Amino acid sequence: MYDVEAGLLGHCVHSQIDLHATYGGVVPELASRDHIRRLPVLVRQVLAESGCSLVQIDAIAYTAGPGLAGALLVGASYAEALGMSLGVPVLPVHHLEGHLLSPLLSADPPEFPFVALLVSGGHTQLMQVTGVGEYVLLGESLDDAAGEAFDKTAKLIGLGYPGGPQLAALAERGRPGRFRLPRPMLKSGDLDFSFSGLKTAVLNVVSGPEWKPEDAADLAADFQDAVVEVLCVKALKALELVGLSRLVVAGGVGANRQLRLRLDAATRRRGWRVYYPEPELCTDNGAMIAFAGARRLAAGEVPGVACAVRVHPRWPLAALRAPGAV
Ligand code: KG4
Ligand code: ZN
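Worth saying up front: this structure is predicted, and the values here are computed from it rather than measured.

Reading guide: rules and limits
Residues numbered from 1 in each chain as written. Chains lettered and ligands numbered in written order. Predicted model: local features only at pLDDT ≥ 70, side-chain atom pairs only at ≥ 80, totals over all residues. Heavy atoms only, no water. Pairing = 2+ DSSP bridges. Helix = DSSP H or I, 4+ residues; strand = E, 2+ residues; numbered from the N terminus. Axes fitted to C-alpha atoms, helices over the stretch in contact; angles between N-to-C directions. Contact = heavy atoms within 4.5 Å. Near = heavy atom within 4 Å. Polar contact = N/O pair within 3.5 Å; in protein donor to acceptor, adjacent residues only side chain to side chain. Areas by Shrake-Rupley, 256 points an atom, 1.4 Å probe, with all protein chains shown as cover. Nonpolar A, V, L, I, M, F, W, Y, C, P; charged D, E, K, R; others polar. Domains from an automatic or database assignment. Donors = N, O, S within 2.8 Å, 3.2 Å for Na, K, Ca; no water. Buried < 20%, exposed > 50% of the residue type's maximum accessible area, 1.4 Å probe, protein only. Buried area = accessible area lost by both parts, 1.4 Å probe. Salt bridge = Lys/Arg side-chain N within 4 Å of Asp/Glu carboxyl O.

## Here's the deal with the sheet that holds strand 9 (residues 273-275)
Part 1: If you trace the 5 strands from one edge of the open sheet to the other, you get 7-6-5-8-9, paired in mixed fashion. The open sheet is flanked by strand 7 (134-140) and strand 9, the only strands paired with a single partner. With strand direction ignored, the average angle separating the axes of adjacent strands in the sheet is 25 degrees.
Part 2: In the sheet, strand 8 (residues 246-250) pairs with strand 9 via 3 bridges, with the strands oriented parallel. Each residue of the ladder has a partner; that of Arg246, found in strand 9, is Arg273.
Part 3: Packed onto the sheet, helix 9 (residues 257-270) meets strand 5 (114-119), strand 8 and strand 9 and runs at close to 150 degrees relative to strand 9.

## Looking at the site of ligand 1
Part 1: If you check the shell around ligand 1, you find 18 residues, and the closest are His95, Gly121, Asp151, Gly252 and Asn256.
Part 2: Between an oxygen atom of ligand 1 and a side-chain N or O atom of His95, the distance comes to 3.0 Å.
Part 3: Here an oxygen atom of ligand 1 and a backbone polar atom of Asp284 are 3.1 Å apart.
Part 4: Look at ligand 1: alone it shows 550 Å² of surface, and the protein chains cover 85% of it.
Part 5: Of all the elements in the fold, those that place two or more residues in the shell around ligand 1 are helix 4 (95-101), helix 5 (146-157) and helix 6 (163-171).
Part 6: A per-class count over the shell around ligand 1 returns 5 nonpolar, 11 polar and 2 charged.
Part 7: Composition of the shell around ligand 1 by domain shows at least three residues from each of domain 1 (2-99 + 282-319) and domain 2 (111-276).

## Quick notes on the coordination of the zinc ion (ligand 2)
Part 1: Coordination of the zinc ion (ligand 2) by the protein involves His95 (NE2), His99 (NE2) and Asp284 (OD), with metal-donor separations of 2.0 to 2.1 Å.
Part 2: In primary sequence terms, the donor set of the zinc ion (ligand 2) follows H-x3-H-x184-D. Here Asp284 lies in the loop between strand 9 and helix 10 (287-298) and His95 lies in helix 4, a separation of 189 residues in the sequence.
Part 3: Judged by its relative accessible area of 15%, His95 is buried.
Part 4: For Asp284, a relative accessible area of 47% gives the class partly exposed.

## Focus on the environment of His94
Part 1: Within the secondary structure layout, His94 lies in strand 4 (residues 90-94).
Part 2: At a separation of 3.1 Å, a polar atom in the side chain of His94 contacts the main-chain amide nitrogen of Leu96.

## Digging into the domain arrangement of the protein
Part 1: Taken domain by domain, the protein consists of domain 1 (2-99 + 282-319) and domain 2 (111-276).
Part 2: Placing a centre on the C-alpha atoms of domain 1 and another on those of domain 2 gives a separation of 27 Å.
Part 3: When the two sides are added together, the surface that domain 1 and domain 2 hide from each other amounts to roughly 1,500 Å², 72% of it contributed by carbon and sulfur.
Part 4: For the domain 1 face of the interface with domain 2, the top three residues by lost area are Leu96, Cys282 and Leu317, together amounting to 34%.
Part 5: Here domain 1 is connected to domain 2 by 0 salt bridges.
Part 6: For the pair domain 1 and domain 2, the interface holds 3 residue pairs in polar contact (both at pLDDT 80 or more).
Part 7: Among the secondary structure elements, those contributing two or more residues to the side of domain 1 that touches domain 2 are helix 1 (17-21), helix 4 and helix 10.

Laid out in structure tokens, this is it:
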């Protein structure tokens with residue numbers, strides 16, 4: 001629940017980690033069925049936490065993509081139906097726009113323009129951001145996203161789901177440098193990324209004759225070091241290229257401690273600054289979607305036809321327009 005004047009009134013998250021852990025990854029059909037069960041309960045919970053009732057809602061925002069079609073359809077149908085019954089506007093929001101704007105919900109928000117490093121499970125992108133809906137893609141991953149690489153590599157090392165945070169925790173106990181993993185596309189001269197080769201390099205180590213499971217922490221540290229170095233070098237290069245000094249880091253991998261330490265140190269040296277969302281808003285949450293919807297509505301976005309349930313499983317962020325723009 002977000003109020004334009006009072007700020008964030010409350011937010012609730014239901015994690016499906018336990019549901020999917022048994023299968024080692026997200027099972028799309030289980031995800032959407034669980035969404036149907038949880039959504040009404042979560043809405044009641046967030047209303048109670050915010051001290052609000054349904055009739056006090058002025059508008060509803062929901063994630064319209066990108067993502068799994070089934071899960072998106074549950075949210076879209078629920079939001080459109082609730083909006084229709086309350087007679088309030090309903091806004092479809094781009095999931096990555098939610099992440100990208102989430103640092104604006106913090107106590108010390110960045111001003112526009114800035115460069116955003118979006119590092120989620122499905123995307124690794126550098127964006128030049130001049131305002132809400134004004135996004136220019138500077139570079140992106142050509143294969144696996146950074147989060148995806150963390151998750152797949154964790155599996156190779158024998159860790160459970162979700163792998164990213166577990167791999168990061170294991171890496172904290174290891175020492176990088178022993179395995180000399182590659183830094184993919186570090187010197188490619190552009191702002192694109194590629195992480196699948198790094199994952200293969202890890203596979204070669206763990207399936208090699210000299211592999212010892214007790215070396216897992218060192219390997220995890222090496223892998224994390226490689227990803228962090230590439231992300232950091234390219235993010236700084238992006239700032240330099242477009243002549244900006246503010247960097248926003250959003251998406252689940254943005255919670256990574258080593259990434260933050262490295263980015264903070266490198267930007268401080270140059271007199272630049274990095275902005276992160278509040279820790280609980282780093283991974284997927286509804287607050288960032290409510291906020292993005294509220295910003296769009298306040299800036300003059302006109303909601304579409306009532307009760308039109310449309311989702312976009314694939315949706316390039318740079319295709320968005322500023323609110324009110326034709
Ligand atoms: O943004 P997000 O919550 O969901 C998507 O929109 O995908 O990002 C989830 C991704 C997962 O790949 C997860 O493994 C990764 O973020 N992640 C991390 C850490 N915490 C979450 N990766 C590295 N270090 C972390 N501490
Ligand atoms: Zn996300």
